[in-house]
Amino acid sequence: MSTAPPGSASSQPAARVAAVVIDDDAQLDVDTLARACSVGPQWVVERVEAGLLETFGPAHDRQWRFSSASLVRARRMVHLEQGFDANPELAALATDLMEEVGRLRARIRAAGLRE
């Protein structure tokens, strides 16, 4: 039985984060990505500078743009960092593995094989 106060992260079951890329051409700026992930813009900047989130657009003045796939990745990373107290690098590694599993499952389906 948990001794954590009601409403704390450890007294609630972990929520599963599911996301689907709906528009490959979507372009989000730093502030929009941060809002969509319920984090501050500095969280995004730190992950980009550490090489954990990919961007496109001019890097010299931080006018970065993010794809919808980057949004999915960022949301997964936020979930892992906040829900499991993972450091950013571990959250990115786990996200890489989740993305690879997704790609492999898609290949299995495309080949007409069962998962």
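Just so it is clear, the structure is predicted and the values come from calculations on it, not from any experiment.

## Re the side chain of Thr 95
For Thr 95, the location among the structural elements is in helix α4 (residues 88-110). Excluding residues that lie within four positions of it along the chain, Thr 95 makes contacts with Arg 73, Arg 76, Met 77 and Leu 80.

## Considerations on the confidence of the model for the chain
Predicted confidence across the chain gives a mean pLDDT of 84, with 78% of residues reaching 70 or more. Contacts of residues 1-14 to residues separated by more than four positions or lying in other chains number eight contacts, the stretch itself having pLDDT below 50.

## Remarks on a nonpolar patch on the surface
Residues Leu 90, Leu 93 and Leu 97 make up a contiguous nonpolar surface patch of roughly 290 Å² in combined accessible area. Take Leu 90: it is sitting in helix α4.

## What to know about α4
With 23 residues, α4 ought to run about 33 Å at 1.5 Å a step, and its terminal C-alpha atoms sit 33 Å apart, in line with that. Those residues of α4 that sit buried are Ala 91, Ala 92 and Thr 95. Turning to α4, the residues buried within the fold contact α3 (68-84). Measuring from the side-chain oxygen of the N-cap residue of α4 to the backbone nitrogen of Glu 89 gives 3.1 Å; that N-cap residue is Asn 87. Positive backbone phi, approximately 80°, marks Gly 112, located one or two places after α4.

Rules used in this analysis
- Residues numbered from 1 in each chain as written.
- Predicted model: local features only at pLDDT ≥ 70, side-chain atom pairs only at ≥ 80, totals over all residues.
- Heavy atoms only, no water.
- Helix = DSSP H or I, 4+ residues; strand = E, 2+ residues; numbered from the N terminus.
- Contact = heavy atoms within 4.5 Å.
- pLDDT = per-residue confidence, 0-100.
- Patch = residues over 30% accessible without salt bridge, like charges linked within 9 Å, V, L, I, M, F, W, Y side chains within 5 Å.
- Areas by Shrake-Rupley, 256 points an atom, 1.4 Å probe, with all protein chains shown as cover.
- Salt bridge = Lys/Arg side-chain N within 4 Å of Asp/Glu carboxyl O.
- Expected span 1.5 Å × (residues − 1).
- Buried < 20%, exposed > 50% of the residue type's maximum accessible area, 1.4 Å probe, protein only.
- Polar contact = N/O pair within 3.5 Å; in protein donor to acceptor, adjacent residues only side chain to side chain.

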